[in-house]
Amino acid sequence: MPLFTRFLRIECPSRLETAADGTYPAFQVSIVADGEIPFPQIILRASGREVLINGEAINGEAIVGAEETSEPGALGGASGYWRYQATLPAGSASGERLDLQIEGCRRADIGQAGGGDWIKTFAEVRLERSGVQPGPASLSARAQIQPAQRNGAEVKIYFGIHKHMHQPYYDTTNPDYWDGEKDEIFGSRGGNYTDFVPAAVRQYRDGGLAHAGLSTSWSGTLIEQLERCAELGRCGGRFSGWNGALREMASAKTALGNPRLLFSAFGFYHPLMPLIPHRDIVRNIQLHRDLIQRVFGAEASRVLFPPETAFHVRMIPALVEAGVEAVIYDSIHRFRACKDYPYAGIEEGMLPPNPADQTNPPVDDWLQLHNIWAASKISPSLLRPEYVGYEDAEGRLHKLIAIPAERYIGNEDARGGFGALQYPDVLGQLYQQILDTGRFDPKHPPFFLLHSDGDNHGGGADSYYHHNTCQLVDWLKRDPRFELTTAEDYLQRFPPDPTQVAHLEPGSWAGADNGDPQFMKWFSRYDQPYSPDLNSWAVLTAFQDRVHTLEDSEPEHPALAEAIRLLLTAETSCYWYWTGQTGWDQQVTNAANLGLSRIGKAIDALVAAGQDRRGPTIFPAWVTPENPGGKRWGQGCLLDAPGEAVLHSFVADCSGLKRVELVLRSDAGEQRLSMQDHGPYPSQTGAALIANYLTAQLPVGAGDCRYFIEAEDQCGHVTRGSLERIFLA
């Protein structure tokens, strides 16, 4: 029986009547697919909560007949098509609609499924109070609205759109690896990787939106594979001349002369930048910048979209060295860094903020969004670019501009643009909150980005770039309270104040286990006797140490270039994302083993000759429990976390370790704690080399602390890690 590749039709009520208390009746959803769906499920979202319908609650049967789909001739009487039906339970909602996410896996073995194997589509059900007549159409009703005046200026909200494009190498040791599955993955994204983005930007330009544009991030691994597709005729020749429309649109300019199509600064190999060394961040960005110029004939933007929207202030020195002037981050990490942040509890999906990160002044304009899934409140006054800073262990302040990507509005936009996100209503809530609270600064008005994958369902669909973009342009032309603009145009008109420097909590986007501050999506099973993720970090740390040692001592070594490429490939964040699947868990070790086979003898010779010139390599530390003396996760609840906490790290050096210490700074002064060396992490992937695993017991009740790891090798070379912060209750 063939498995499905797409949804053909979704049937559900377009509207439901609700009682005065917001309750709505049970209703049916019918799904038609072009094959059997091994794991169909429906996620219903309403008023910030989710209901999952799957398993026996969804009934499926094979069907035959063209009448079963709205696509003419799609079935044509052939067998193999399936209908699924489910009854969604009655419930209550405070908003005006229910959002449905319908999805299924293309693999019969769910344990072998990756992110690209899940196919999703979306639908919505409008909720209307019984006996209440619908109001006027939203667009026409807002066509007559004029911007309000505050502080002698028009109140306006600015926003931008960002689309992310990426495919990793599916074999770290063979970038040219290809099979039928890859042909299907790439082939199904033909428009996304060719003309969808230019089509959207063309509508902005032709619609007369003076400052509108679209930023997009393309990984180097995706671009190189597309170039091979074009060269070898893969995907049926779909990618011959794939970059032509993109190159052409790259010359379009805004009213200020900036590009309308901006290729964001990015990491060539899609690394999780907060967890890799300074030099590898710089190298990734520089390699990517050179590639963008060659392939698209355009300068890469000085605005960075970090892979997974993962940002930590310790990245700032490397970003500045790489020529980055601004970085995009997930907005919730600015909100949570305020002293009075209204933590939403377990529904927020993250533990309460660590008090050490809550150093920014309080704000008073917290807003609970409606008619959109939003698990916590947002602050419109904080949705603007500003300088953020990092203080290193020597007391030097490093800073750059940070641009918020709004978490909840961006997630809604990712479902399909104007077809999913009702821009006038949702952005109108921000606008009204600004008026009600008087929190409008005409020199620094609100500006945020809506970002999503540009090549997956919803925000990557043909309808997003074409039909829904048309609706967006039509609305903006008639509602001057809102303006679509590029980040470059905004920053040129409204530069942030460099004397005002804020702090950002670390973290990533919501799709990575809600983007917690310790990046636990990439530390899966850290609390178990063996973690494939920790194994990969330990292997990578040892490999980084060897490659960087050779680079510092013999920069012209003939095997160095290959070793560097293998190292950067191994840093691709995807190899941690799908933990528990051998094909992914093995990738880092495979790259490291191959690289070490090329340079191992040279490293041994350096050490024997006393030519090792650099100190140990230190992996960024993590702490368990995450908030000592605060809260930790329980089974569907939050529990009190013990005050006794342990700091963990990996450290490697080709000459051997002499000492590793934790330097802790608090109100009581500075103290040094010797870290316990547990030896090499116990690998299960056949690693040729692996870093040592070290821990340190943290003092209870030390309060607001700063700390760094200091390591010395047997040659006397000393390395200091980044300066971190934590509150020890």
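About the cut-offs
- Residues numbered from 1 in each chain as written.
- Predicted model: local features only at pLDDT ≥ 70, side-chain atom pairs only at ≥ 80, totals over all residues.
- Heavy atoms only, no water.
- Helix = DSSP H or I, 4+ residues; strand = E, 2+ residues; numbered from the N terminus.
- Buried < 20%, exposed > 50% of the residue type's maximum accessible area, 1.4 Å probe, protein only.
- Contact = heavy atoms within 4.5 Å.
- Core = buried A, V, L, I, M, F, W, Y, C linked by side-chain atoms within 4.5 Å.
- Axes fitted to C-alpha atoms, helices over the stretch in contact; angles between N-to-C directions.
- Parallel < 35°, antiparallel > 145°, perpendicular 65-115°, else oblique.
- Nonpolar A, V, L, I, M, F, W, Y, C, P; charged D, E, K, R; others polar.
- Expected span 1.5 Å × (residues − 1).
- Pairing = 2+ DSSP bridges.

Draft legend 1. Fine view of the environment of Val320. Tracing the sequence through the fold places Val320 in helix α7 (residues 316-321). Owing to a relative accessible area of 42%, Val320 belongs among the partly exposed residues under this scheme. A sequence separation of 226 residues divides Val320 from Ser94, and the C-alpha atoms of the two residues are 45 Å apart. Sequence-distant contacts of Val320, that is, excluding residues within four places in its chain, are made with Lys399 and Leu400.

Draft legend 2. Spatial organisation of the nonpolar core. Of all hydrophobic cores here, the largest spans 125 residues; its most connected members are Phe159 and Trp218. By residue number, the principal contributor to this core is helix α13 (residues 532-553), which donates 9 residues. Residues in contact with Trp218, not counting those within four places in the same chain, are Met165, Asn192, Tyr193, Ile223, Leu226, Trp242, Leu246, Phe263, Phe266, His288 and Phe296. One finds Met315, Ala318, Leu400 and Phe708 within the second-largest nonpolar core, a separate group that totals 27 residues.

Draft legend 3. Spatial organisation of the packing of helix α6 (residues 278-296) against helix α14 (residues 560-570). Contact geometry for α6 and α14: axes closest at 11 Å, N-to-C directions at 95°. Classified by the angle their axes make, α6 and α14 are roughly perpendicular. Taken together, the residues of α14 that come into contact with α6 (itself represented by Asp280, Arg283, Asn284 and Leu287) are Ile564, Leu567 and Leu568. Of the residues in the contact of α6 with α14, the class split is 4 nonpolar, 1 polar and 2 charged.

Draft legend 4. A look at the packing of helix α10 (residues 423-437) against helix α11 (residues 462-478). Where α10 meets α11, the closest approach of the two axes is 11 Å, and the angle between their N-to-C directions is 55°. The angle between α10 and α11 falls in the class oblique. Here Tyr423, Pro424 and Leu427 of α10 come into contact with α11, specifically with Tyr464, Leu472 and Trp475. When grouped by side-chain class, the residues that make up the contact of α10 with α11 number 6 nonpolar, no polar and no charged.

Draft legend 5. Helix α4 (residues 220-232), seen in detail. Taking 1.5 Å of rise per residue, 13 residues should cover 18 Å, and α4 covers 18 Å from first to last C-alpha, within 8% of that figure. For α4, every residue scored as buried is listed here: Gly220, Thr221, Leu222, Ile223, Glu224, Gln225, Leu226 and Cys229. Structurally, α4 contributes buried residues whose contacts are with β14 (157-165), α2 (180-187), β15 (214-218), α6 and α14.

Draft legend 6. How the structure looks around the sheet that holds strand β4 (residues 27-33). The strand order across the open sheet built from 4 strands is β1-β4-β8-β7, with neighbouring strands paired in antiparallel fashion. Edge positions in the sheet fall to β1 (7-11) and β7 (58-63), since each has one partner strand and no second. On average, each strand axis in the sheet is tilted by 15° relative to the strand beside it, whichever way the strands run. Direction of pairing for β7 relative to strand β8 (residues 81-88): antiparallel, over a ladder of 6 bridges. Counterpart to Ala62 in the pairing with β8 is Trp82.

Draft legend 7. Highlighting unusual backbone geometry. Pro625 follows Thr624 through a cis peptide bond whose omega is -10°. Topologically, Pro625 is positioned in the loop between β25 (622-624) and β26 (631-633). One non-glycine residue, Cys235, lies in positive phi territory at about 55°. With respect to the helices and strands, Cys235 occurs in the loop between α4 and α5 (244-249). In the Ramachandran plot, Arg525 falls in the positive-phi region, its phi being about 65° despite a non-glycine side chain.

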